[in-house]
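# Coordinates in review
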Amino acid sequence: SLSAGLDLPGRFLFATLTLMTLIAILVFIEEAVYIYRKIPSSKRSIIIWINAAAPVISTTSCIGMWVPRSAMFTDFTAGIFFAIVIHKFLMMMIKECGGQKVLLRRFENGHFTISTGPCCCCCLCLPRVPITRKTLFWLKLSTFQFAVFRPVLVFLSIVLWTNDNYVLYNLSPKGPALWISCFIGALTLFALWAVGIMFRKVRILLKCKNIIPKFALYQFIVILNHLQITIINMLATQKIIPCAPPLTSTARGSYIAHQLLIMEMFLITVISRVVYRRKYHDLEPPECVAEEPRDKKQAP
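Looking up the protein chain in an unreviewed UniProt entry gives the name OSTA protein, with the organism given as Cinclus mexicanus. Under Subcellular location (unreviewed entry), UniProt gives the following word-for-word description of the protein chain: "Membrane".

So, about the UniProt feature "transmembrane region" (unreviewed entry) in the protein chain. According to UniProt, the "transmembrane region" (unreviewed entry) feature falls on residues 12-34, 46-67, 73-91, 137-161, 176-195, 215-236 and 256-276. In residues 215-236, the share of helix is 100% and the share of strand is 0%. The end C-alpha atoms are 31 Å apart. Span residues 256-276 is 100% helix and 0% strand, its end C-alpha atoms 30 Å apart.

Glancing now at helix 7 (residues 211-237). When the terminal C-alpha atoms of helix 7 are compared, their 38 Å separation across 27 residues agrees well with the 39 Å that a helix rising 1.5 Å per residue should span. The principal kink in helix 7, of about 30°, is found at Leu 224. At the C-terminal side of helix 7, Lys 239 shows a positive phi close to 65°.

In this section: the nonpolar core. Core analysis: the largest hydrophobic core is formed by 70 residues, its most contacted members being Phe 89, Met 93, Met 198 and Tyr 218. At the level of secondary structure, the elements contributing two or more residues to this core comprise helix 1 (8-38), helix 2 (41-66), helix 3 (71-96), helix 4 (100-106), helix 5 (133-162), helix 6 (176-202), helix 7 and helix 8 (249-280). Considering every element that reaches this core, the biggest residue donor is helix 3, with 14 residues. The residues contacting Phe 89, other than those within four sequence positions of it, are Ile 50, Val 195, Ile 211, Lys 214, Phe 215, Tyr 218 and Tyr 276.

Cut-offs applied
- Residues numbered from 1 in each chain as written.
- Predicted model: local features only at pLDDT ≥ 70, side-chain atom pairs only at ≥ 80, totals over all residues.
- Heavy atoms only, no water.
- UniProt positions renumbered as here; feature names shortened; annotations may be inferred.
- Helix = DSSP H or I, 4+ residues; strand = E, 2+ residues; numbered from the N terminus.
- Expected span 1.5 Å × (residues − 1).
- Bend = angle between axes of the 7 residues up to and from the residue.
- Core = buried A, V, L, I, M, F, W, Y, C linked by side-chain atoms within 4.5 Å.
- Buried < 20%, exposed > 50% of the residue type's maximum accessible area, 1.4 Å probe, protein only.
- Contact = heavy atoms within 4.5 Å.

In structure tokens form, the structure reads like this:
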């Protein structure tokens, strides 16, 4: 087995990363208990889901580190969970504004700026879209479709893999891995675009509720869990990351990615506890009334 072939520094590294994963889980459990006791039930489950993203990714990465052959399943599990978290983050921003009805009343004559990343950050000529029930529905649908279709595509990938038709690192146009990956990438961009549009509108209003550091942590998880893994896998596929028996280049790339994720998600878990708990101490004062300059003339 892999653990049997480790030298003393390797075993120390494995033990340290496993301990970091356990600490991240304990920190999340303590934070979940705090949220359950202190936060209103309308926001409780959403905030627990968001806080669970980093510990879950750390746990799946730890399993993938100890059992390299399980990398596909652990990565799929982390991807499915984070697809749900993206939708939950959009819903959290709406909840923090007081809910959909209050948000629509607050921004009655406001507009969404859709020329934002990651899809249309360079398309400054795009028109601004009025904030209505319909536009809010489309934003929620953009994140909800990702939470629904990502598990479906993962299930399809596993079915094809069991029939030897799906090879994770085979990006040949004749194979299904390339097309499934491209479709998942397109769905991801649309979901992240919807969250970016909403954040750009409410970031001033929710500044006193620490929405900016929360969004930064969410963005770090997106970058580390998607872009970082993609880059490392590409380097491994091109043999830039050399093999180290008994690990092939692709297995070693996955092995390195999991180790990095454990350390990164541990830090994000600790920082998230500070950021979310600090915000909850400020929930008792009246609702924030600071709005963007263009909406100041609206009736409360």
